[in-house]
Amino acid sequence: MNSFTKEIMQKDKDHFMHPWTIFDVYKTDGALPIETAQGNYLEDTDGNRYLDAVGGLWCNNIGTGRKEMADAIAEQVIKMSYANPFVDMTNVPATLLAAKIAELAPGSLNHVFYSCGGSTAVDTAYRLIQYYQNCRGKHAKKHIISRDMSYHGSTYAAMSIGGKKGDHPAEFDFIDDTIHHITAPKQYGQHEDKSEAEFLNFLLNELEQKILTLGADNVAAFFAEPIMGAGGVIIPPVGYHKKTWEICKKHDVLYVSDEVVTGFGRLGHWFASEDVFDIQPDIIISAKGLTSGYLPLGATIFSDQIWDEISEDGHGRCFAHGFTYSGHPVACAAALKNIEIMEREQLLENVTTLAPYFKAKLETLSDLPIVGDIRGHGFMWCVEFVANKETCELFPEEMDIGKQISNHADAKGLIVRPVVHLNVMSPPLTLNKTEIDFIVNTLRVSIEATLIDLEEQGY
Ligand code: PLP
């Protein structure tokens, strides 16, 4: 470790409190200082190179460090680095991007409200829903239904809507009188006693019963990620999306699809809701891949139906919600260039072409004694580790099995994301076959190395 690495690690421990800080990390080695990122690769301050199979944090869809992106950003900074977002002015990149998003989004989702990232886009949806229901005179329609194990962001409303274990700690306040969580659509290890069809029926019945118990006149919206990301790449049973959407339509409940991870190519389509799962949500939430992480930007994309209702006669009112950086011209210019690159390089097609190969390669890991489940779609995958393959029994959480394996992978030049019992992957959409081979081979040797560690630990 060179002296610069040591200096950065020390200053990091002393001054930079990271999101989701695990304080023990500050007491041990500390964080790995990454200095450069080019394409699909990162390099640390000691010159070690890593394939970033997490794509930053599910966001580097076109890969990092592209000069074309830097030029587009610089050009916009020189032309106009900031624009007041109020309605008596507009800016060219924000307007062009909204029109482009409307072109790419399903059905009548023709309207965009910009925010600074995914969480603020979720909070925007939450407010928009309240506003819309009030404009309709449906003042009682306040209740929101979402799922256990979901993640929708870290602001007050977004975190309340999320249902991940550990994300509702007692020391924080949450909206708990009008937000309700139902069962996550995860069958592996949790609902093994049911067939897929029985599990689907159970989930659908639970949603409908929840709406009926609360009273359809009181339920405003259902929030769902098409595939849960941070909760552990959870793919619902076949038919779940369409059927839950139909239940929502039947009871006049808005369907909100949180595509912060799945949007902009991760599943091989601009949006997964319609193209993969055949539904037309009322609202889609987007961020991350929208700019490929080059600059922060979120978008709440909503339907003509909502727009027509809230804009009709203006209701003499104002939608009292917004951010200094809504429609930031530089972030919007970055998003436009990002989309142009994805289109020109046919990156969505790269995902659909290589996804079956990625899946088949990952499935070769299933002979390993602690590999329980391998699941995913497009370029969004995870391997779930278990102590017992027969019973799906998990390792004790404090063993942090995912982290043990990802530490070995780090040392071999591969970054995967450990999430308790899982290693999660969401690589840039530019990934090629050789890199897929590297990911899977490195995972295999990392798991094998962990098996030796476990034996030494007497497990
Ligand atoms: N929604 C989903 C599905 C996410 O995965 C995330 C972040 O990981 C968010 C919302 C929040 O986005 P952000 O971290 O940009 O606020």
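It should be noted that the structure appears before, not after, this text.
Computed from a predicted structure; not experimentally measured. Each residue is numbered by its place in its chain's sequence as written, counting from 1. Local features in this predicted model are restricted to residues of pLDDT 70 or higher, and side-chain atom pairs are both shown and tallied only at a pLDDT of 80 or more, whereas totals for entire chains, interfaces and linings draw on every residue.

A. Highlighting the sheet that holds strand β7 (residues 219–224). When DSSP locates at least two bridges between a pair of strands, those strands are taken to pair. A run of DSSP states H or I qualifies as a helix once it reaches four residues; a run of E qualifies as a strand once it reaches two. Both are numbered from the N-terminal end. What the seven strands build is an open sheet, ordered β4-β10-β9-β8-β7-β5-β6; its pairing is mixed. Edge strands, defined here as strands with exactly one partner in the open sheet, are β4 (109–115) and β6 (179–182). Put simply, the sheet's adjacent strands are angled 20° from each other on average, direction ignored. As paired strands, strand β9 (residues 283–286) and strand β10 (residues 298–303) are joined by four bridges and run antiparallel to one another. In the strand pairing of β10, I284 is matched with I301. Residue pairs qualify as contacts under a 7 Å threshold applied to their C-beta atoms, which are placed from the backbone. Interaxial angle, 0 to 180 degrees, is taken between N-to-C directions of lines fitted to C-alpha atoms, where a helix line uses only the stretch in contact. Running over the sheet, helix α5 (residues 92–104) touches β4 and β10 and is turned about 135° from β4. Lying on the sheet, helix α11 (residues 304–311) is in contact with β4 and β10; it crosses β10 at an angle near 85°.

B. Examining the pairing of strand β1 (residues 34–38) more closely. Where β1 and strand β2 (residues 41–44) come together, four bridges link them in antiparallel fashion. Bridge pairing links T36 to E43 in β2. Linking two consecutive strands that pair antiparallel, namely β1 and β2, is a turn of two residues; a positive phi of about 60° is found at G39 within it.

C. Expanded view of the pairing of strand β12 (residues 380–385). Most of β12 is tucked away: six of the six residues are buried. Looking at chain direction, strand β11 (residues 371–377) and β12 are connected through six bridges and run antiparallel. Residue I374 lies in a different strand from β12, and its bridge partner there is V383. Pairing geometry for β12 and strand β15 (residues 422–425), over four bridges, is antiparallel. When the bridges of β15 are listed, C382 appears paired with V424. The exposure scheme places C-beta atoms from the backbone and then counts, for each residue, the other C-beta atoms within 10 Å of its own, assigning buried at 20 or more, exposed at 12 or fewer, and partly exposed in between.

D. Fine view of α5. Working rule for helices: expected span equals 1.5 Å times residues minus one. Here α5 contains 13 residues, and its C-alpha end-to-end distance of 18 Å stays within 8% of the 18 Å for a straight helix at 1.5 Å per residue. In the core, the buried residues of α5 are packed alongside α4 (67–79), β4, β10 and α12 (329–344).

E. Structural view of the environment of R66. Along the chain, R66 turns up in the loop between α3 (55–58) and α4. Look at R66 and you get partly exposed, because 18 C-beta atoms sit within 10 Å. When the C-alpha atoms of R66 and Q38 are compared, they prove to be 7.6 Å apart, with 28 residues separating the residues in sequence.

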